[in-house]
Every structure is written in structure tokens, then in C-alpha cells.
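Here is what each chain is made of, one letter per residue.
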Amino acid sequence: MAGIEPQPGIMEIALYVGGKSTVDGVSNVIKLSSNENPWGPPPMAQKAVRRVVHEMHRYPSTDHAELRAAIAEVNGLDAARIVCGVGSDEVLQFLAQAYAGPGDEVIYTEHGFAMYKILAHAVGATPIEVAETERVVSVDNILAACTERTKLVFIANPNNPTGTMIGLAEIERLAMNLPPQAILVLDGAYAEYVEGYDGGARLVDSRDNVVMTRTFSKLYGLGGMRVGWGYAPQAIIDVLNRVRQPFNLSNIALKAAEAAVRDTAFVQKSREENSRLRAWLAEALAEHGVPSDASTANFVLARFGSADEAAACDAYLQSQGIIVRRVSGYGLPAALRITVGDEASCRRVAHCIGLFKAGAR
Ligand code: PMP
């Protein structure tokens, strides 16, 4: 195959490793590795999918008008400025494809989501990783890293895998001080877990350089359906729709998501239970000598004394049928990210970490 080469940057990509779902020889695992909603899928989405099964021979909508209208209605947004993708990953990909290329720089933060770097490489741009301050995004560090080649700045707020977030005033300061050719992408995959936070929607309304992305994979309980969306100034939406494939979302995924947006009872219950159990889990871990940062999302970042201890705890949990997420690839080798599960799962993981700290191996 000499002479056949991929585009520059492609071989720099470290393959994305998803959360494990199985442990050899163990049935009934407790999966707390992918920040999924333990109470999902939403009942209204299940009903909608059963109805749409009869439409499988039809192509889906190309403009996603019904889903966009539902999202706009529930969130108080302008439907014309929403774009839907195969997970929010695809919306992030549209942004990279449309706005960054060879010679351009794409900024993300030290413990930021793995896809930002992958997408930069995929389009031949240069990924620029910026230091955080004690696992919190630093606006000053980002601004200091900006150049005339910066095209995209990705921040997850709340951030995965730290669970921390920065306030809207800081985000606005960042947006106001970016170089004129740069877009700030506020990745709100976990935004709905934060009471009273709009993910940056009002900022998108007031500025021409801010885009917000959201997902149905977390609070809305539809990780397997692969639906996400972005909210942006009209000029950016018009660009993103040019790189979007016309039939990117299946009619099943579209109907499931539309029903999920309107399943307010499910969403409310999931949010409340998550807050309650997250606080419980963080406290239980602290009692076992495992601190975590104050999380605003649906997971906690449990910190151990060393990378070895985190690895040993991970192995012990797996032996007990519990899967959590190692985050060494995110610059956090001494930590484990634990999704907030249902009550029984939270109690079980806390109990096993307690046994591990007391000497079980
Ligand atoms: N952004 C962040 C910060 C995430 O953690 C994830 C999921 N791991 C995503 C985006 C992508 O999610 P999805 O493609 O399922 O919407």
C-alpha cells in the first residue's frame, strides 16, 4: 500500500475508547462508566418509537422541523437557529469541518472531552491544549493561548470528566475577548443537570461568536438513539447545514427525541434523583477517604492517592461486577469517574470502595 496515505493529522488520532459494558465472567454488571441516565429511556419516547416502527421504509425528515420545534418550545429558543446531529458529537464535527483546517488552531482544555482533539486532527488543524486550574477551566489561560489562527474554542460546561463548571460571567468574558475569527463552542452535554443554567442559550442570542451544543444522551436517557443539537447564530447555522448530511437522523431517533423533550415528568424526576444521589455518593466516598470535586453533572470524579491505587480500585470494582471509568487519558491517572446510578448502584459502588479502602483487593 506504499504511496496511499490518509490526510495529514489522521494518524495522530488516538482512537476513542468508550466506557466498558462487560466484565469477563460476570453477569448483571453495574455499569457506571458512560454517564448514562439510569432511569432511561423516557416512557414517552418508548411509546413514540413503538408507533414509528411502521415508518421504517420511509426516509426521515431532512430538516428535522418537528424535533427542532419541540426543542425550541420547551427551551424558549428560536427553532430556525437549531441544528440536529447524530449525538452532539456530530454537531461538534460539523463545527470542526466547517470552520477549521490545516494551519488553524483548535483550543480545548487540559481535562476536556476527548473528541475535541480528535476532531481537530480529523480536519488537519492543530489541537492546542490549555492548562486548567485545579481541574477548573481557566478563561485567562484560554485567552493567553489564542492567536490569529485560533478558529474554535471548545469548553464543556459542566466539564467531563471533572464535573466542575464556570459561571456565565466568565463565559461571557471569554466570548467578548476572543479574536474576531474564533468561535466559542459551549458544550452543554450536562447542562440540564444544573438547575437554573441555560447552557449559554441567552449568550448565543446576544453574540455572533458563541455556539451551544446539547445532547439527548444524558439527562434525556437516549444514549443509544444518538441525537444531539446545536444552537447558534443564523449565519453559523446556515454554514453547518451545508456540511450536514440530509438524512443524518433516523425517523426512529427523531421521534424518540421529540417525545423525550416533552416528557417533563421523566426529565424532572431524573434531575432531582441525580442531585440527591450525587450528593449522597460524594459524601459516602468522602467518608471512605476518597475526595471528589463538587460535581454539577451526573458523575463524580473520585480521587485516589496515586495512579496505582486508582487502578487497583478499578480492578477490585470490576471483580465485584461494577464498571467505572478510568480517566488517565484525560490527564487524571489517579482518579476514577463514577456515573451517578440509581440508588442501589450508588450504595453498592460506595460500599465496595469502602471495602477496597479497608484493605480488600
Ligand atoms: N460532550 C461531552 C462533554 C460529553 O461527555 C459527551 C459524551 N460523552 C459528548 C459531548 C457527546 O455526547 P453525544 O454524542 O452522545 O451527544
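Residues numbered from 1 in each chain as written. Predicted model: local features only at pLDDT ≥ 70, side-chain atom pairs only at ≥ 80, totals over all residues.

Participant: Describe the overall build of the protein, with residues and values.
Facilitator: Secondary structure summary: the protein contains 12 helices and 12 strands in total. Residues counted as buried form 47% of the 361 residues belonging to the protein. A sequence separation of at least 24 residues applies to 73% of the contacts in the protein between residues at least 6 apart. (Helix = DSSP H or I, 4+ residues; strand = E, 2+ residues; numbered from the N terminus. Buried ≥ 20, exposed ≤ 12 C-beta atoms within 10 Å, placed from the backbone. Contact = placed C-beta atoms within 7 Å.)

Participant: Quick rundown of the site of the ligand? Include the residues and the values.
Facilitator: What surrounds the ligand is the set Gly87, Ser88, Asp89, Phe113, Ala156, Asn160, Asp187, Ala189, Thr215, Ser217 and Gly228. Ranked by the residues each element gives to the shell around the ligand, the list is headed by helix H3 (residues 87–99), at three residues. Of the residues in the shell around the ligand, the class split is three nonpolar, six polar and two charged. (Near = placed C-beta within 6 Å. Nonpolar A, V, L, I, M, F, W, Y, C, P; charged D, E, K, R; others polar.)

Participant: Now, about the packing of H3 against helix H4 (residues 115–122): what can you tell me, with residues and values included?
Facilitator: Two elements in contact, H3 and H4, have axes whose closest approach is 10 Å; the angle formed by their N-to-C orientations is 40 degrees. On the basis of the axis angle, H3 is oblique to H4. Relative to H4, H3 is oriented so that their crossing is right-handed. Residues Asp89, Leu92, Gln93 and Ala96 of H3 lie in contact with H4, whose contacting residues are Met115, Leu119, Ala120 and Ala122. (Axes fitted to C-alpha atoms, helices over the stretch in contact; angles between N-to-C directions. Parallel < 35°, antiparallel > 145°, perpendicular 65-115°, else oblique. Left-handed = near helix turned anticlockwise from the far one by under 90°.)

Participant: Talk me through helix H6 (residues 168–177); I want residue IDs and the actual numbers.
Facilitator: Among the residues making up H6, those that are buried are Ile171, Leu174 and Ala175. Buried residues in H6, looked at end-on, bunch into an arc of 95 degrees, giving them a common side. The exposed set on the far side of H6, more than 90 degrees from its buried face, consists of Ala169, Met176 and Asn177. Next to the buried residues of H6 lie helix H5 (139–145), strand S6 (183–187), helix H7 (201–206) and strand S7 (210–215). (Arc of directions from axis to C-beta.)

Participant: Please set out the confidence of the model for the protein residue by residue, giving values where relevant.
Facilitator: Mean pLDDT over the protein: 96, with 100% of residues reaching 70 or higher. If you check the scores for this complex, the pTM reads 0.96 and the ipTM reads 0.99. (pLDDT = per-residue confidence, 0-100.)

Participant: Could you give me a rundown of the nonpolar core, with the residues and numbers involved?
Facilitator: Counting 106 residues, the largest nonpolar core has Leu95, Ala96, Leu152, Val185, Val211, Ala257 and Val349 as the members making the most contacts within it. When residues of this core are sorted by domain, at least three fall in each of domain 1 (10–40 + 265–357) and domain 2 (43–263). Here Ala257 is in contact with Leu67, Phe216, Leu222, Met225 and Val227, once residues within four sequence places are set aside. (Core = buried A, V, L, I, M, F, W, Y, C linked by C-beta atoms within 7 Å. Domains from an automatic or database assignment.)

Participant: Could you give an account of the pairing of strand S12 (residues 332–339), with specific residues and numbers?
Facilitator: Across the eight residues of S12, six count as buried, placing the element largely inside the fold. Examined bridge by bridge, strand S9 (residues 299–303) and S12 share five bridges and lie antiparallel to one another. By the bridge assignment for S12, Arg303 is matched with Ala335. Note that strand S11 (residues 325–327) and S12 share three bridges and pair antiparallel. Residue pairing for S12: Arg326 is matched across the bridge by Leu336. Adjacent in sequence and paired antiparallel, S11 and S12 are bridged by four residues, among which Gly331 carries a positive phi angle near 75 degrees. (Pairing = 2+ DSSP bridges.)

Participant: So what's going on with the sheet that holds S6? Residues and values would help.
Facilitator: The strands making up a sheet are joined through hydrogen bonds of the backbone, oriented either antiparallel or parallel. Read across the sheet, seven strands follow the order S2-S8-S7-S6-S5-S3-S4 without closing on themselves; strand pairing throughout is mixed. Looking at which strands have only one partner, the edges of the open sheet turn out to be strand S2 (82–85) and strand S4 (126–130). Across the sheet, the mean angle from the axis of one strand to that of its neighbour is 20 degrees, orientation sign disregarded. Pairing between strand S3 (residues 105–109) and S4: five bridges, direction parallel.

Participant: Describe unusual backbone geometry, naming the residues involved and giving the relevant values.
Facilitator: The omega angle of the peptide bond from Gly40 to Pro41 is -5 degrees, so this bond is cis rather than trans. Secondary-structure assignment places Pro41 in the loop between strand S1 (30–31) and helix H1 (43–52). Each neighbour pair has its own omega, and for Asn157 with Pro158 the value is -5 degrees, a cis peptide bond. Mapped onto the secondary structure, Pro158 falls in the loop between strand S5 (150–156) and H6. For Glu134, which is not glycine, the phi dihedral falls at a positive 50 degrees. Structurally, Glu134 is set in the loop between S4 and H5. Accessibility expressed as a C-beta count within 10 Å gives 8 for Glu134, which makes it exposed. For Arg135, which is not glycine, the phi dihedral falls at a positive 65 degrees. Note on placement: Arg135 falls in the loop between S4 and H5.

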